[in-house]
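Residues per chain are reported as follows:
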Amino acid sequence: MVPAHEPTDSDSRPAPAAMRNRFHDWASLRSELVWIYDDAPRVSHIQSDHTHALGHRAWYLRRGEVRIEIPGGVWEAQAGSWLMTPAALLKQDFSDDAHLLSVHFLCQWPTGENVFLRERGIVIPGSDFPLMEQSATALVKMVHRRFPSSGVDYAFQQASYPDFLKFQGLFADWLAAWFDAMSCVGAPFTHFRHGEDRLNSAVRCLNDIQLDRPFPREQLLKETGLSAVHLDRLFVREFGSTTRKYWEKRRLENAKMCLSHSSMPIKEIAYCLGFRYDSHFVGWFKRHCGVSPATYRNRTQKRNT
């Protein structure tokens, strides 16, 4: 009998050919843990809009049960099951005795597209993929041990590089177990859109530049060897937006992340995004989201599950 902590053959199956990429493409993935906790659900009964929520959300029911509804679909999960939530207007109902291991994380291509689409909910029996629960438990234990009072905003806490590397190793174990389960149940997989090398260079530039700096127009033109008009024409054709809109989207996603999952003051968030005055940041955010940063923070932090 194989010990529970060692992977079995079924836990290391090769990915289907349709899910294979170059090593360089996998290296371009943005993978980051947003939060993880192991407790009663923060909100048992709520309706919230996850249509534009970043990344993936995985719930493991240690105890109790949950029912989620979206327009056109209903999913139920019992104790011992994983539920991958869809990106939709979602109504969630947990039983009063529910205990939840919740993992919210990013696994996205440079274009911002999730590795697996979140069109529908997916229920996965935990007994079929034991490494998911084992790796998530190891990860949550490390987070609670290193950051016992941080809540869900641990990602904004200070840590040493050795601690970061230990954390990344546990997070990589979780990603491997999750990817294996998702591929085996037939979750819809997305491929990195290669485009041409000059466009790949532009995407890498936009993803790598610190967000407190101005839009990197001159660096984009230098690295691609294209004029601004030609670059944007190709960029829109390949990725559906101009380079500046892509940059603004990245800044907006970072702002939402900080507001939803940290206690950083709004003035500090504004500074990290290159705004000299927090009033400018408030106006910019409201133009894009229709609400002020403070209102967005109140709404999203109430429904974080």
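A few points on the structure. (Residues numbered from 1 in each chain as written. Predicted model: local features only at pLDDT ≥ 70, side-chain atom pairs only at ≥ 80, totals over all residues. Heavy atoms only, no water.)

**Some points on the environment of Cys 205**
- When you line up the elements, Cys 205 lands in helix H4 (residues 197-208).
- We classify Cys 205 as buried; its relative accessible area is 3%.
- Taking the C-alpha atoms as reference points, Cys 205 and Leu 220, 15 residues apart in sequence, are found 6.8 Å from one another.
- Non-local contacts of Cys 205, meaning those with residues more than four positions away in its chain, are made with Pro 216, Gln 219, Leu 220 and Glu 223. (Helix = DSSP H or I, 4+ residues; strand = E, 2+ residues; numbered from the N terminus. Buried < 20%, exposed > 50% of the residue type's maximum accessible area, 1.4 Å probe, protein only. Contact = heavy atoms within 4.5 Å.)

**Some details on H4**
- Taking 1.5 Å of rise per residue, 12 residues should cover 16 Å, and H4 covers 16 Å from first to last C-alpha, within 8% of that figure.
- Restricting attention to buried positions, one finds in H4 the residues Leu 199, Asn 200, Ser 201, Ala 202, Val 203, Cys 205 and Leu 206.
- Against the buried residues of H4 lie helix H5 (217-224), helix H6 (228-239) and helix H7 (243-261). (Expected span 1.5 Å × (residues − 1).)

**A few points about the nonpolar core**
- Judged by nonpolar contacts, the single largest core of 36 residues is most densely connected at Trp 82, Phe 105, Trp 174 and Trp 178.
- Among the secondary structure elements, those contributing two or more residues to this core are strand S1 (30-39), strand S3 (56-63), strand S6 (81-84), strand S8 (99-108), strand S9 (122-125), helix H2 (130-146) and helix H3 (161-184).
- In terms of nonpolar packing, the next biggest core, distinct from the first, is built from 31 residues, Phe 215, Tyr 246, Phe 281 and Val 291 among them. (Core = buried A, V, L, I, M, F, W, Y, C linked by side-chain atoms within 4.5 Å.)

**Description of the sheet that holds strand S2 (residues 45-49)**
- The strand order across the open sheet formed by four strands is S2-S7-S4-S5, and the pairing between neighbours is antiparallel. Edge positions in the open sheet fall to S2 and strand S5 (73-78), since each of these has one partner strand only. Direction aside, neighbouring strands of the sheet carry axes that sit 15° apart on average.
- Two elements, strand S4 (residues 65-70) and strand S7 (residues 89-94), share four bridges in a ladder whose sense is antiparallel. Looking at S7, one finds that Glu 69 is bridged to Lys 91. (Pairing = 2+ DSSP bridges. Axes fitted to C-alpha atoms, helices over the stretch in contact; angles between N-to-C directions.)

**A few points about the packing of aromatic side chains**
- This structure, assessed with the given rule, holds 22 aromatic pairs.
- A ring pair is formed by Phe 116 and Trp 178, whose centres lie 5.3 Å apart and whose planes are at 90°; its orientation type is edge-to-face. Remark: Trp 178 occurs in helix H3 and Phe 116 occurs in the loop between S8 and S9; sequence separation between them is 62 residues.
- Take Trp 178: its relative accessible area is 1%, and that puts it in the buried class. (Phe/Tyr/Trp six-rings, centres within 6.5 Å; stacked < 30°, edge-to-face > 60°.)

**Re H6**
- Given a rise of 1.5 Å per residue, 12 residues ought to cover 16 Å, and the 16 Å separating the end C-alpha atoms of H6 matches this to within 8%.
- Along H6, the residues classified as buried are Leu 231, Leu 234, Phe 235 and Phe 239. For H6, the angular spread of buried residues about the axis comes to 100°, placing them on one side. Along H6, the residues that are exposed and aim more than 90 degrees away from the buried face are Val 229, Arg 233 and Arg 237.
- Each element contacted by the buried residues of H6 is listed here: H4, H5 and H7.
- In the segment just after H6, Gly 240 is the residue with positive phi, at about 85°. (Arc of directions from axis to C-beta.)

**Focus on the sheet that holds S6**
- Pairing in this open sheet of five strands is antiparallel, and the strands run S1-S8-S3-S6-S9 from one edge to the other. Looking at the sheet topology across the chains shown, the edges are occupied by S1 and S9. Averaged over all pairs of adjacent strands, the angle between their axes in this sheet comes to 15°, without regard to strand direction.
- Bridge count for S3 against S6 is three bridges, and the pairing is antiparallel. Residue Ala 58 lies in a different strand from S6, and its bridge partner there is Met 84.
- Against the sheet, H3 touches S1, S3, S6, S8 and S9, its axis set at about 90° to S8.

**Notes on the pairing of S7**
- What you see with S7 is a clean split: Leu 90, Gln 92 and Phe 94 sit on the buried side and Leu 89, Lys 91 and Asp 93 on the side with no burial.
- The pairing of S2 with S7 spans five bridges and is classified as antiparallel. Looking at the pairing, His 45 lines up with Asp 93 of S7.

**Examining the pattern of salt bridges**
- Inspection of the entire model under this criterion finds eight salt bridges.
- Between Glu 32 and Arg 30 there is a salt bridge, with its nearest N and O atoms 3.6 Å apart.
- Classification of Glu 32 by relative accessible area gives partly exposed; the value is 31%.
- Residue classification places Arg 30 among the partly exposed residues on the basis of a relative accessible area of 34%.
- One salt bridge in this structure joins Arg 62 and Glu 133, with 2.8 Å as the shortest N-O distance. (Salt bridge = Lys/Arg side-chain N within 4 Å of Asp/Glu carboxyl O.)

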